[in-house]
Protein chains: 2
Amino acid sequence: MARWDPGAQERLTEAALDLYLERGYDNVTVADIAERAGLTRRSYFRYFADKREVLFPSAERLPEIVREAVLAADPAAAPLAAVLDALHQVGAQVAEHVDHANAARRRAVIDTSAELQERERSKSAAVAAAIDEALRQRGTGPGTAALVAQVGSVVLGLAFRRWVKSDAAGFSAGLYAVVDDLRASLDDAGTTAHLDPAGTPPPEGLQRRGCAPFSPPRE
Amino acid sequence: MARWDPGAQERLTEAALDLYLERGYDNVTVADIAERAGLTRRSYFRYFADKREVLFPSAERLPEIVREAVLAADPAAAPLAAVLDALHQVGAQVAEHVDHANAARRRAVIDTSAELQERERSKSAAVAAAIDEALRQRGTGPGTAALVAQVGSVVLGLAFRRWVKSDAAGFSAGLYAVVDDLRASLDDAGTTAHLDPAGTPPPEGLQRRGCAPFSPPRE
DNA sequence: ACAGTTGATGACACCGTGTGTCATCACTCA
DNA sequence: TGAGTGATGACACACGGTGTCATCAACTGT
């Protein structure tokens, strides 16, 4: 493998994934990764910002994709509806372009390292930020936009997890399963609240939209 | 300030917060913090695991508090209702024990550093994990527990942000405002979906619980 | 064919984080 | 007064991350 062999970045990602799985994330140095890829430590940092970034190659474009999907959703749709709609579109792209086997290996590595989970959450937060921005561009209020964006990001993350875990099912199936759960949870919570017979309202002003507190207050 | 002066940890937290605000997080070294606190770099790491941890002193006990609050909620309540109820209880403790002025200063620092935001998300994730565990202990299914836990964590985070931002309002007010937003968003999204006149259902099995897709499909 | 240019790489030095290890100091208790 | 205990300082070290410059291959124009 000569000095200018092409595909340096790909070699690095493969070497890193292999080594992280073999020895565990903490027992691998950047020098190890670079050596296996036929490069030096310094060159690794020309491709990736740090030791963690090598595991999140496709996460770079995701926020932009999500933002455009949200902006492309029906302008008349409610914020959450627009976001879920957009995630459906995004899911198709993701399932198509992401290698399922490698995604599963990445998940295995990430699940063993708190440091990597921390980084993964940053990627998820970047998606949330993109949704938030797109929603506000659609005219959604700041508070609602922030909330719906984070919920959307959570839903996407859980759906992606389901997709990775099950070899067979498509991405959409997982997405719908999560959204189903979300709808059911909120229906149940709402139902419980509404049925509250003698609910003493909590201190500050609630009761807007005719909602009782979250659950019958205990005493 | 002699070698064995008491309150070393408090001196470190104050020194760190001051320095981070004065020079910016990246322009402060652990040695700087330790020096201002009258200690050495090595001693700093005996009190805090790393350079970031010094900004999250009260986050250590939070997961346990939240877990217990969820377990203490009405066993008959739906998962989300139990969580929101628990967060209401937790909010009271937080607003009481956390110094509002310092919380605002911490927020200012965190908002300037991606590294610190990453760590903050980890704290939030720890809360989500605690909720998740408590919910499953209550008998909630794994998928629903994970989803509701993350949504609850998001709600708590946003409510805490509102509490820090507004000097006057109590924590509960922010919490209720966020929950109101959540209810409204889901009502709106559900409404839109249900009113969809000629909605072509998306590929895989949806329509469970009588719900149409998120929004009228575009072409 | 040849020289200049461009871009990727290696070599090296450097700073800061985080940790292991041991000596040192103050305080406590018998 | 002397042993023990716990917090601290001193020192060394591995590793992450960065700036800088030299080097080498490939491309470009003449």
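J.: When you look at the overall build of chain A in this model, what are you seeing that I'm missing?
T.: Within chain A, the secondary structure is distributed over 9 helices and 0 strands. Beginning at the N terminus, the succession of helices and strands in chain A can be written as α-α-α-α-α-α-α-α-α. Within chain A, the proportion of its 219 residues that are buried is 49%. Restricting the contact set of chain A to residue pairs at least 6 apart, pairs at least 24 apart contribute 59%. As displayed, chain A has an accessible area near 10,500 Å², and 50% of this comes from carbon and sulfur atoms.

J.: I'm lost on the nonpolar core in this one. Help?
T.: Across soluble globular proteins, nonpolar side chains show a tendency to be buried alongside one another. Counting 80 residues, the largest nonpolar core has Ile131, Val155 and Leu182 of chain A together with Ile131, Val155 and Leu182 of chain B as the members making the most contacts within it. If we ignore the near neighbours within four places in the chain, the residues touching Leu182 of chain A are Val151 and Val155 of chain A together with Leu147, Val151 and Leu186 of chain B. If you look at the next biggest cluster of nonpolar residues, it comprises 22 residues, including Ala15, Leu17, Leu19 and Tyr44 of chain B.

J.: Sorry, what's going on with the protein's contact with DNA strand C here?
T.: Around DNA strand C, the structure places 23 residues, and the nearest of them are Arg46 and Tyr47 of chain A together with Arg41, Arg42 and Lys51 of chain B. In DNA strand C, atoms within 4 Å of the protein come 47% from sugar and phosphate. Here a phosphate oxygen of DNA strand C and a backbone polar atom of Lys51 of chain B are 2.7 Å apart. Considering only residue class, the surface near DNA strand C consists of 9 nonpolar, 4 polar and 10 charged.

J.: When you look at the pattern of salt bridges in this model, what are you seeing that I'm missing?
T.: Side chains that differ in sign of charge can pair as their charged atoms come close. Residue and element names in this part refer to chain A. The tally for this structure, following the rule as stated, stands at 32 salt bridges over all chains. Its salt-bridge partner being Lys123, residue Glu53 comes within 2.4 Å of it at the nearest N-O pair. Of this pair, Glu53 sits in the loop between helix H3 (41-47) and helix H4 (62-72) while Lys123 sits in helix H7 (residues 114-137), and the two are 70 residues apart along the sequence. By relative accessible area, which is 18% here, Glu53 ends up buried. The residue Arg161 makes a salt bridge to Asp111 at a minimum N-O spacing of 3.2 Å. Of this pair, Arg161 sits in helix H8 (residues 142-165) while Asp111 sits in the loop between helix H6 (100-110) and H7, placing them 50 residues apart in sequence. You can call Arg161 partly exposed: its relative accessible area is 37%. Overall, the relative accessible area of 39% leaves Asp111 in the partly exposed class.

J.: Could you clarify how one ought to interpret the environment of Leu135 of chain A in this entry?
T.: All names here are of chain A. Within the fold, Leu135 resides in helix H7. Leu135 sits in the buried class, given a relative accessible area of 0%. For the pair Leu135 and Asn102, spaced 33 residues apart in the sequence, the C-alpha separation amounts to 32 Å. Setting aside chain neighbours within four positions, we find Leu135 in contact with Val70, Pro79, Val83, Thr140, Ala145, Val148 and Ala149.

J.: I keep staring at the packing of aromatic side chains and nothing clicks. Help me out?
T.: Geometry of an aromatic ring pair is reported as the spacing of the ring centres plus the angle between the planes. Residue and element names in this part refer to chain A. Evaluated as defined, the whole model comprises 12 aromatic pairs over all chains. Pairing Tyr44 with Phe48 gives two aromatic rings, centres 5.5 Å apart and planes at 40 degrees, and the pair type is tilted. Residues Phe160 and Phe171 carry aromatic rings whose centres are separated by 6.4 Å and whose planes lie at 55 degrees to one another, so their mutual orientation is tilted. Placement of the pair is Phe160 in helix H8 and Phe171 in helix H9 (residues 171-195), with a sequence separation of 11 residues. You can call Phe171 buried: its relative accessible area is 4%. A cation sits over an aromatic face here: Lys51 above Tyr25, 4.2 Å from the ring centre.

J.: Hey, could you run me through the protein's contact with DNA strand D in this one?
T.: By nearness alone, 23 residues border DNA strand D, and Arg41, Arg42 and Lys51 of chain A together with Arg46 and Tyr47 of chain B come closest of all. Counting only the atoms of DNA strand D that lie within 4 Å of the protein, the sugar and phosphate share comes to 54%. Contact distances for DNA strand D include 2.9 Å between a phosphate oxygen and a side-chain N or O atom of Thr40 of chain B. One of the side-chain N or O atoms of Ser43 of chain B is found 2.9 Å from a phosphate oxygen in DNA strand D.

J.: What's the story with the packing of H6 of chain A against H8 of chain A in this structure? I'm lost.
T.: Angle between the axes and distance between the axes: these two values describe a pair of packed helices. Residue and element names in this part refer to chain A. Look at H6 against H8: their axes get within 9 Å of each other, and the N-to-C directions meet at 110 degrees. It follows from the interaxial angle that H6 and H8 lie roughly perpendicular. As for the relative orientation of H6 and H8, their crossing is left-handed in sense. Residues His100, Ala103, Ala104 and Arg107 of H6 lie in contact with H8, whose contacting residues are Arg161, Trp163 and Val164. For the contact of H6 with H8, a count of residues per class yields 4 nonpolar, 1 polar and 2 charged.

J.: Explain the environment of Thr140 of chain B to me, please; I cannot follow it from the model alone.
T.: Residues and elements named next belong to chain B. With respect to the helices and strands, Thr140 occurs in the loop between helix H7 (114-137) and helix H8 (142-165). Considered as a pair, Thr140 and Pro79 are 61 residues apart in the sequence and their alpha carbons are 6.9 Å apart. Contact partners of Thr140, with chain neighbours within four places excluded, come to Pro79, Leu135 and Ala145.

J.: So what exactly am I meant to see when it comes to H7 of chain A here?
T.: Since one α-helical turn is 3.6 residues long, residues separated by three or four positions face the same way. The terminal C-alpha atoms of H7 of chain A lie 35 Å apart, and with 24 residues this matches the ideal 34 Å at 1.5 Å per residue to within 8%. Tucked inside the fold, the buried residues of H7 of chain A contact H4, helix H5 (79-97), H6 and H8 of chain A together with H7 of chain B. The backbone nitrogen of Glu115 of chain A has a side-chain oxygen 3.2 Å away, supplied by the residue at the start of H7 of chain A, namely Ser113 of chain A. A positive backbone phi angle near 105 degrees is found at Gly139 of chain A, which sits one or two residues after H7 of chain A.

Parameters at a glance
- Residues numbered from 1 in each chain as written.
- Chains lettered and ligands numbered in written order.
- Predicted model: local features only at pLDDT ≥ 70, side-chain atom pairs only at ≥ 80, totals over all residues.
- Heavy atoms only, no water.
- Helix = DSSP H or I, 4+ residues; strand = E, 2+ residues; numbered from the N terminus.
- Buried < 20%, exposed > 50% of the residue type's maximum accessible area, 1.4 Å probe, protein only.
- Contact = heavy atoms within 4.5 Å.
- Areas by Shrake-Rupley, 256 points an atom, 1.4 Å probe, with all protein chains shown as cover.
- Core = buried A, V, L, I, M, F, W, Y, C linked by side-chain atoms within 4.5 Å.
- Near = heavy atom within 4 Å.
- Polar contact = N/O pair within 3.5 Å; in protein donor to acceptor, adjacent residues only side chain to side chain.
- Nonpolar A, V, L, I, M, F, W, Y, C, P; charged D, E, K, R; others polar.
- Salt bridge = Lys/Arg side-chain N within 4 Å of Asp/Glu carboxyl O.
- Phe/Tyr/Trp six-rings, centres within 6.5 Å; stacked < 30°, edge-to-face > 60°.
- Lys NZ or Arg CZ within 6 Å of the ring centre and 35° of its normal.
- Axes fitted to C-alpha atoms, helices over the stretch in contact; angles between N-to-C directions.
- Parallel < 35°, antiparallel > 145°, perpendicular 65-115°, else oblique.
- Left-handed = near helix turned anticlockwise from the far one by under 90°.
- Expected span 1.5 Å × (residues − 1).

As far as function goes, none of this settles anything; it's purely spatial.
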